[in-house]
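Spelled out, the chains give:
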Amino acid sequence: MKNWTNLHNHTVYSILDGHGSIEKYLERAKALGMLGIATTDHGNIHSWLDFYDAGHAIGVKPILGSEFYQARKTRFDRDQEERSGPSKNEWEQRGPYHITILAKNNVGYHNLIKMSSRAFTEGYYVKPRVDHDLIQQHSEGIIILSGCLNGEVSQALLRNDYSTALKHAATMQGIVGKENYFIEIQNHGIEEQIKIIPDLIKIANSIGAKIVPSGDCHYVHQHDSHSHDVMLCVATNANVNTPGRFSFSGDKFYLQSYDEMSSVFSDEWLKNTMHVNDMIDVNLNFGEIHFPDFPIPTKETSAQYFERLAWDGLKKRYGDIIPANIIDRANYEMRVVKEMGFSEYFLVVSDLVKWAKDNKIRVGWGRGSAAGSILSYAFDITNLDPIRFGLMFERFLVEGRKSMPDIDLDFDDRHRDRVIEYAKSKYGDDRVAHICTFNRTGARQSLRDSARALGYDFISGDKIAKLVPIPILGVAKSLTECMDDNEFKKEYSSSSDSKRIVDTAFGLEGLVRQTGIHAAGIVISKEALTSYLPTMQKGVDKPVVTQWDMGRVEQCGLLKIDFLGLRNLGVIDQCIKIVEKRTNKKIILDDIPLDDESTYRELCKGNAMGVFQLESAGMRELMIQMQPRSIQDIMALISLYRPGPMGSGMDKLYIDRKNGKAKISYVHEKMEDALGSSLGIMLYQEDVLAVARSLAGFSASEADDLRKVIGKKQMDKIAKIRKSFVTGCINNSGL
């Protein structure tokens with residue numbers, strides 16, 4: 001059977017240049033009968049793990065690569081020749097060349113990770129750039145295609161410099177070996193492409209290289225060309241009517257079938273693409289943990305040292321004679337932590353907290369799931385007793401499931417960077433980095449972008465954008481969902497301009513608009529980060545950031561910690577110093593009682609200006625209604641003052657039950673033990689865990705699955721879990 005595979009595709013991670021989503025590329029490749037397909041985004045490898053997982057899931061071999069930017073001289077040169085400039089098309093921009101490089105095997109996979117990272121850290125100048133030297137250093141296990149019209153070979157031919165083109169091709173072939181270098185030929189009907197094809201064939205024959213045809217795909221289907229063109233307007237701050245704007249010639253930059261390609265290229269050349277496909281053998285395995293090595297100051301193992309510090313910390317918290325229930329809880333947590341191999345995690349995190357406190361940097365009392373661990377309390381990572389406040393360890397770690405632990409650390413925002421620098425000095429600059437985020441275009445932004453790119457004034461786009469319904473439970477509406485809104489649909493149906501803006505916006509929604517830096521996430525690794533994942537640095541004065549997002553960082557088995565800078569901690573610190581200076585009294589925060597009546601009297605009046613999480617007008621109004629008298633009431637207030645509870649009326653029901661205006665009731669008698677403290681209402685994530693286990697007989701891991709999908713609002717997964725929940729309730733509780 002005749003077949004081919006395209007080795008040159010730009011997904012949405014070729015930011016505002018590639019239009020096709022990973023899923024659509026793979027679905028189309030599957031429909032065309034392709035056995036494999038490549039991802040080759042411009043200058044980065046953001047898409048790799050998403051593409052790898054999705055490819056295997058759909059049954060199409062994922063070929064991992066990148067269209068690297070290649071310096072015209074060396075990656076260290078910084079001059080006008082190396083800077084790309086505005087032009088009507090890609091191959092006249094000057095600046096760096098383009099070169100297509102694929103991972104042949106696992107060695108090549110790791111080499112391209114290092115190459116991509118160094119292109120940023122060593123070669124960044126407007127674009128991240130590689131050069132011959134860098135490719136040479138990481139040449140094992142990679143396959144190189146000569147590239148598109150902007151490749152060094154093609155550029156020389158466009159200058160009518162055949163000898164230089166031949167020299168470039170021969171040099172690169174010498175770097176990776178004859179069997180790993182291919183002459184790439186493209187034909188989208190562009191005059192320049194057609195002009196150089198004879199010379200490309202001649203070069204291939206001269207050096208004994210095989211020819212592989214490719215489509216320079218920037219979108220999946222031919223009908224996507226308009227959306228792609230509008231996207232280019234967004235990227236270049238132009239509109240479709242701008243004279244001489246950057247654009248692509250024609251509408252042939254889509255994923256084509258074998259029949260379409262064979263009408264332009266020979267069967268032998270197309271067969272060569274399958275030869276490359278067969279050469280690819282990348283098999284990734286995740287599951288190992290690569291936490292940094294914590295230096296143990298004694299001759300103990302890390303597990304022994306961890307256990308000793310844990311018991312020392314528990315004695316400090318609970319006294320020399322530790323209560324039996326505390327011992328049981330601690331033994332359980334220690335067993336789970338050691339079985340999962342997370343002992344060093346606690347050592348690393350507690351050391352960061354200790355260093356901050358030793359250096360007079362105020363640290364928060366604890367937030368998130370880690371506060372449910374008595375070991376976090378023992379190691380002084382948190383300052384909240386999980387037993388006293390009924391917090392569950394299973395929100396942090398679940399026995400039998402090796403999910404990565406997650407600890408959020410609050411630091412005085414004035415000194416957050418000092419703590420990060422300490423981590424770098426302890427574990428190495430090359431082992432600590434910030435974590436990347438991807439900012440995607442939502443419904444409102446896509447409508448405004450659409451209007452601007454189509455040449456409409458701001459008001460036209462803003463009018464329809466303002467009709468997008470507000471998010472519910474933190475979930476924003478998609479354009480498809482907006483069409484179910486009466487007001488939005490009325491504007492769409494009654495105005496031809498609005499209809500055109502909306503129709504065009506559908507092609508912009510969900511695009512990656514830019515990369516960002518996670519507000520708090522820091523990753524720390526055992527070896528150099530580039531042994532596990534790619535990094536990037538857009539300038540010497542910029543931070544080093546992973547090229548993959550938080551989920552993929554965790555998938556790689558790396559330690560991720562949220563270093564949050566909290567302004568209130570700085571305010572508290574300054575207040576304590578002012579009080580001490582004026583009164584000669586030093587306030588010890590941990591000695592402040594949580595049951596001070598005068599404090600609650602003021603809160604009941606709504607006097608909470610300047611109080612963290614309690615100062616907004618809506619919160620103070622809710623506080624007056626509730627009349628809080630304990631720290632548990634404050635906890636309930638903070639949990640109730642959210643879109644979900646307030647939208648469902650849970651806040652009013654809770655307040656009425658607390659103040660005796662409504663009877664406390666339970667759907668089933670088994671729920672009383674689980675929800676007694678929250679007045680029969682599932683207010684906390686711990687309540688969800690408790691109800692799932694008592695009512696449906698869920699295991700700890702099953703209950704945690706339910707908690708996660710509810711918390712992340714994954715409606716498709718909720719529907720799947722519902723069936724087992726209902727069955728469990730019938731079998732376990734007779735419902």
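From a predicted model like this one, the values you see are computed outputs, not experimental measurements.

Engineer: Looking at this structure, I do not really get the overall build of the protein. What am I missing?
Structural biologist: Scanning the protein for helices and strands turns up 31 helices and 13 strands. In summary, the protein has a C-alpha radius of gyration of 30 Å against a globular reference of 27 Å for 735 residues, a match within 12%. Projected onto its principal axes, the C-alpha positions of the protein cover 90 × 75 × 60 Å. Here the protein holds 735 residues, and 51% of them are scored as buried. Restricting the contact set of the protein to residue pairs at least 6 apart, pairs at least 24 apart contribute 74%. Accessible area for the protein stands at about 33,300 Å²; split by element, carbon and sulfur atoms hold 50% of it.

Engineer: Please explain the pattern of salt bridges as it appears in this structure.
Structural biologist: It is possible for side chains of opposite charge to pair when their charged atoms get near one another. On inspection of all chains with the given rule, the structure shows 46 salt bridges. Here Asp412 and Arg414 are joined by a salt bridge, their closest N and O atoms 2.5 Å apart. Since its relative accessible area comes to 1%, Asp412 is described here as buried. Classification of Arg414 as partly exposed rests on a relative accessible area of 41%. We note a salt bridge from Lys463 to Glu491, for which the minimum N-O separation is 3.4 Å. Residue Lys463 is found in helix α17 (residues 458-465), and its partner Glu491 is found in helix α19 (residues 486-494); the two are separated by 28 residues along the sequence.

Engineer: Got a minute to help me understand the state of the cysteines in this structure?
Structural biologist: Working definition of a disulfide: a covalent bond connecting the sulfur atoms of two cysteines. Throughout the structure, instances matching the rule amount to zero disulfides. Lacking any disulfide linkage, Cys217 is separated from the closest cysteine sulfur, that of Cys148, by 13 Å. Note on Cys217: relative accessible area 0%, which makes it buried.

Engineer: In this structure, what is going on with the packing of aromatic side chains? I would like to understand it.
Structural biologist: Pairs of aromatic rings are described using the distance from one ring centre to the other and the angle between the two planes. Tallied over the full model, the rule gives 19 aromatic pairs. Measuring from ring centre to ring centre gives 5.4 Å for Trp48 and Tyr109, while their planes differ by 25°; the resulting arrangement is stacked. One end of the pair, Trp48, is in helix α2 (residues 48-58); the other, Tyr109, is in helix α3 (residues 106-121), with 61 residues separating them in the sequence. Accessibility assignment for this pair places Trp48 and Tyr109 in one class, buried. Relative to Phe248, the ring of Phe246 has its centre 6.0 Å away and its plane inclined at 85°; by these criteria the two rings are edge-to-face.

Cut-offs used in this document
- Residues numbered from 1 in each chain as written.
- Predicted model: local features only at pLDDT ≥ 70, side-chain atom pairs only at ≥ 80, totals over all residues.
- Heavy atoms only, no water.
- Helix = DSSP H or I, 4+ residues; strand = E, 2+ residues; numbered from the N terminus.
- Rg over C-alpha atoms; globule rule 2.2 N^0.38 Å.
- Buried < 20%, exposed > 50% of the residue type's maximum accessible area, 1.4 Å probe, protein only.
- Contact = heavy atoms within 4.5 Å.
- Areas by Shrake-Rupley, 256 points an atom, 1.4 Å probe, with all protein chains shown as cover.
- Salt bridge = Lys/Arg side-chain N within 4 Å of Asp/Glu carboxyl O.
- Disulfide = S-S within 2.5 Å.
- Phe/Tyr/Trp six-rings, centres within 6.5 Å; stacked < 30°, edge-to-face > 60°.

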